[in-house]
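One-letter residues, chain by chain:
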Amino acid sequence: MKKTALVICPGRGTYNKAEHGYLYRHHANQTDFIQMLDSYRACQDQITISELDQSPQFSSSLHVTGDNASSLIYGCALADFQAIDQNKIDIVGVTGNSMGWYLALAASKAVSLEDGARIVNTTGKLMHDHAQGGQIVYPIVDDNWVLSPEKQRLIDSVLSKKPDDAFIDISIKLGGILIFAANTAGLSYLQKSLPKQSPYPLKLAHHGAFHSSHVGNVVPMAQQALSVDMLSTPNLPLIDGKGRIWQPQATDLDALYDYTFGTQINSLFDYSKAVEVGIKEFAPDMIIILGPGSTLGGPTAQELIKHRWQGLKNKADFKHRQSQDPYIISMNIDEQRRRVI
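Chains are numbered independently. Their residues run from 1 in the order of the written sequence. In keeping with the model being predicted, local features are shown solely for residues with a pLDDT of at least 70 and side-chain atom pairs are shown and tallied solely at 80 or more, while totals for entire chains, interfaces and linings include all residues. Each side-chain value is worked out from all heavy atoms of the structure, with water and hydrogens disregarded.

Novice: How do you make sense of the packing of aromatic side chains when you look at a structure like this?
Specialist: What describes a pair of aromatic rings is the distance from one ring centre to the other and the angle between the planes of the rings. Working definition: a ring pair exists when centres of Phe, Tyr or Trp rings (six-membered ring for Trp) sit within 6.5 Å. Plane angles under 30 degrees give stacked, over 60 give edge-to-face, the rest tilted. In the structure shown here, the tally under the stated rule is 5 aromatic pairs. Ring centres of tyrosine 102 and phenylalanine 261 lie 6.2 Å apart, and the angle between their planes is 20°; on these two criteria the pair is classed as stacked. You can see tyrosine 102 sitting in helix α6 (residues 100–107) and its partner phenylalanine 261 sitting in helix α11 (residues 253–266), a full 159 residues away along the chain. You'll find tyrosine 102 and phenylalanine 261 in the same group, each marked buried. Aromatic pair tryptophan 145 and phenylalanine 318: ring centres 6.0 Å apart, planes at 40°, arrangement tilted. Here the residue tryptophan 145 occupies a position in the loop between β3 (134–139) and α8 (149–160), and phenylalanine 318 occupies one in helix α14 (residues 315–324), the gap between them amounting to 173 residues. Classification of phenylalanine 318 by relative accessible area gives buried; the value is 9%. In this description a helix means any DSSP run of H or I spanning at least four residues, a strand means any run of E spanning at least two, and both kinds are numbered starting from the N terminus. When accessible area is computed with a 1.4 Å probe and restricted to protein chains, residues below 20% of their type maximum are described as buried, those above 50% as exposed, and intermediate ones as partly exposed.

Structure follows, in C-alpha cells:
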C-alpha cells in the first residue's frame, strides 16, 4: 500500500558549501533535464548550472547570489522531485518556502519544467538587480523548540520602539523563526536591538527585503516579463504562502497569476500556515523535503510541535520519532533519501 506524502520545495539559502556538487552527485543521469536548464541559461548569457555545480570550489559571491542560486536550487529540487518513486509514494499536496512556491508550481505541473526554469531565473535576476534592503532571522522558540511567549513579547517591544526612518516588517513566518524584511536603517536597528543568541540576529547574505512592500518595485517588472499564458491548472493540490489550497481542475489562473507575481512578492509569506494546512487537510504519512540542503527540517518540525502533531511536544520527542520512523524525510540526507527514491 502506498504511503501518502506532502512535498515541500526549498527556497533561497539552501545551496551552500556542503551542498556543492549536489546536482551531479545525485542526478548525473537526468541529462535531458539538466541540458534543458543549461541551454536556457546559456541563451541568457549566464553561467550554466552544470558549471556552477561542478565548479572547482564553492564561492558565496558566485553560488549564493539570486541570479545564480535560484536556478541552481531549482535544478536540484526538481530533479529530486522527479526521483521520488511514485509507485510507492502517493503525493497528496505540494508547497514550498518563499522561492519554493515557484518550484511547487513546476512540481504540480501548473507550469512546465521549462517555464518553471524561466520563472525562477527571471525573478531571481530581478531580485538580484533591483531588490532593496535585506532580511534578518530571529527565533521565537526556546531550546526545546516550543514557542516562547517571552521571546515574542521581547520582539514586540523592540518593534514598538523602532526609529521613524526604519522600515521593518515580518517577511516570512518559518516555524519557530521569524524573518524580518528591512531597509538599511531597519537592519541596523534590529542587529543592535535584538538580544544576541548566536548566531542570531542573523543577516542573510545576498537577500533583499523579500515578501514586503519594500520590494514592490519588482512586481511590475515580473509581470511585464512573465505572462499568465504559462500557467495551467495543477495536477496536485498546491498550498501557497497564505495557506490557500489551489486545487486541480478548480484553479482560477488569473488569480493564481496575481498571487504568484504580486502578493507572493510584496506580502508576508506564511510558511508556518502552509505546513499547518498541509498536515491538517491531507494528514500525510510523511513530509518529504526536497534538496538541496535540509534547513527546512527544523522549522517544519517546530510547526508540527506547535500543533502537537502525532503527539510531538518538543525537540526531544521529534528527534526520538525521527530515529525510530522518520516523519520528515529530507532528501539531502542519504539515509532518509533512500526511503523515497
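Novice: In this structure, what is going on with the packing of helix α5 (residues 66–83) against helix α7 (residues 113–130)? I would like to understand it.
Specialist: Helix-helix packing: each pair is described by the crossing angle between the helix axes and the interaxial distance. For helices, the axis comes from a line fit to the C-alpha atoms of the stretch in contact; other axes are also lines fit to C-alpha atoms, and the angle between any two N-to-C directions lies between 0 and 180 degrees. Viewed as axis vectors pointing N to C, α5 and α7 meet at an angle of 155°, and their least axial separation amounts to 7 Å. Considering their axes alone, α5 and α7 lie roughly antiparallel with respect to each other. Crossing of α5 against α7: the hand is right-handed. Across the interface between the two elements, Gly66, Asp67, Ser70, Ser71, Tyr74, Leu78 and Gln82 of α5 pack against Leu113, Gly116, Ala117, Val120, Asn121, Gly124, Lys125 and His128 of α7. If an angle is under 35 degrees, it is roughly parallel; if it is over 145, roughly antiparallel; if it lies from 65 to 115, roughly perpendicular; otherwise it is oblique. For a crossing to be left-handed, the near helix must be turned anticlockwise from the far one by less than a right angle; the clockwise case is right-handed. Throughout, a residue-residue contact means that at least one pair of heavy atoms, one from each residue, lies within 4.5 Å.

Novice: Any chance you could explain the packing of helix α12 (residues 271–282) against helix α13 (residues 297–306) here in plain terms?
Specialist: Interaxial distance between α12 and α13 falls to 10 Å at its minimum, and their mutual angle equals 60°. Taken together, α12 and α13 sit at an angle that is classed as oblique. Between α12 and α13 lies a crossing of right-handed hand. On the side of α12, the interface is formed by Tyr271, Ser272, Val275, Glu276 and Ile279, while α13 contributes Thr300, Glu303 and Leu304. Within the contact of α12 with α13, the residues separate by chemical class into 4 nonpolar, 2 polar and 2 charged. All amino acids are sorted into three groups, where Ala, Val, Leu, Ile, Met, Phe, Trp, Tyr, Cys and Pro are nonpolar, Asp, Glu, Lys and Arg are charged, and the leftover types, Gly among them, are polar.

Novice: Can you help me understand the pairing of strand β2 (residues 89–96) in this one?
Specialist: In regular strands, side chains alternate between the two faces of the sheet. The buried count for β2 comes to 7 of 8 residues, which makes it a mostly enclosed element. With 7 bridges connecting them, strand β1 (residues 3–9) and β2 associate as parallel partners. The residue of β2 that forms the bridge with isoleucine 8 is threonine 95. Two strands pair if DSSP finds at least two bridges between them.

Novice: Looking at this structure, I do not really get the nonpolar core. What am I missing?
Specialist: Generally speaking, a soluble globular protein has its nonpolar side chains buried in company with each other. Residues grouped as a nonpolar core are buried Ala, Val, Leu, Ile, Met, Phe, Trp, Tyr and Cys residues, joined through side-chain atoms within 4.5 Å. Counting 92 residues, the largest nonpolar core has Tyr102, Leu103 and Ile288 as the members making the most contacts within it. Top contributing element to this core by residue count: α5, with 9 residues. Filtering out sequence-adjacent residues up to four positions away, tyrosine 102 remains in contact with Ile119, Val120, Thr123, Thr260, Phe261, Gln264 and Ile265. Ranked by size, the runner-up nonpolar core spans 14 residues in total, among them Ile168, Ala182, Leu187 and Tyr189.

Novice: What is the right way to read unusual backbone geometry from this model?
Specialist: Most of the time, phi is negative for any residue but glycine, and the peptide bond is trans. Following serine 198, the chain continues into proline 199 via a peptide bond in cis, with omega recorded as 5°. Tracing the sequence through the fold places proline 199 in the loop between α9 (184–193) and β6 (202–203). Phi is positive for aspartate 45, which is not a glycine, with a value near 60°. Its location among the elements puts aspartate 45 in the loop between α2 (31–43) and α3 (49–53). What makes aspartate 45 exposed here is its relative accessible area of 75%. Not every positive phi belongs to a glycine, and lysine 109 is a case in point at roughly 65°. Classification of lysine 109 by relative accessible area gives exposed; the value is 57%.

Novice: Could you clarify how one ought to interpret helix α10 (residues 218–225) in this entry?
Specialist: Because each turn of an α-helix spans 3.6 residues, side chains separated by three or four positions end up pointing in the same direction. Where α10 is concerned, the buried positions are Val218, Val219 and Ala222. Burial along α10 is one-sided: seen end-on, the buried residues are contained in an arc of 100°. Residues Pro220 and Gln224 are exposed on α10 and point more than 90 degrees away from its buried face. For α10, the elements touching its buried residues are α7 and α11. Read the arc as the range of directions from the helix axis to the C-beta atoms.

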